[in-house]
Amino acid sequence: MESEVTLQQRLENNRQRLYNLQAKYGLGHMDVLRQSMVLDELINQYHRMYYTKLKKPIA
């Protein structure tokens, strides 16, 4: 499984890529929409990782 730090770095890199694509092409361009989907999946992975940690029993 990917480490939290690595996932955070991927999130930031993909967020910046989305920003750059949006600035270049606008919101409706297919490349922007694809990158948004990539970023959404990374955010979902991060949330799954975070909430899995919260649900682990203490004892």
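This write-up is about the structure you can find in this document. (Residues numbered from 1 in each chain as written. Predicted model: local features only at pLDDT ≥ 70, side-chain atom pairs only at ≥ 80, totals over all residues. Heavy atoms only, no water.)

### Some details on the nonpolar core
Applicable threshold: What we call a nonpolar core is a set of buried Ala, Val, Leu, Ile, Met, Phe, Trp, Tyr and Cys residues that are connected through their side-chain atoms within 4.5 Å. Residue exposure (1.4 Å probe, protein chains only): buried if accessible area is under 20% of the type maximum, exposed if over 50%, otherwise partly exposed. Secondary structure elements follow DSSP: runs of H or I of four or more residues count as helices, runs of E of two or more count as strands, with numbering from the N terminus. Throughout, a residue-residue contact means that at least one pair of heavy atoms, one from each residue, lies within 4.5 Å.
One finds Leu-7, Leu-11, Leu-18, Leu-21, Val-32, Leu-39, Leu-42 and Met-49 forming the largest nonpolar core, which totals eight residues. Secondary-structure elements contributing two or more residues to this core are α1 (4-25) and α2 (30-55). When neighbours within four sequence positions are excluded, Leu-11 is seen to be in contact with Leu-39, Leu-42, Ile-43 and Tyr-46.

### Some words on the pattern of salt bridges
Two side chains bearing opposite charge may form a pair once their charged atoms approach each other closely. Short version of the rule: One side-chain nitrogen of Lys or Arg within 4 Å of one carboxyl oxygen of Asp or Glu is enough to make a salt bridge.
The tally for this structure, following the rule as stated, stands at four salt bridges. Two residues, Lys-53 and Glu-4, come together in a salt bridge whose shortest N-O distance is 2.4 Å. Residue Lys-53 is found in helix α2, and its partner Glu-4 is found in helix α1; the two are separated by 49 residues along the sequence. Residue Lys-53 is classed as partly exposed on the basis of its relative accessible area of 47%. Take Glu-4: its relative accessible area is 26%, and that puts it in the partly exposed class. A salt bridge links Arg-48 to Glu-41; its shortest N-O distance comes to 3.0 Å. Note on Glu-41: relative accessible area 39%, which makes it partly exposed.

Any link to function would need more than the numbers given here.
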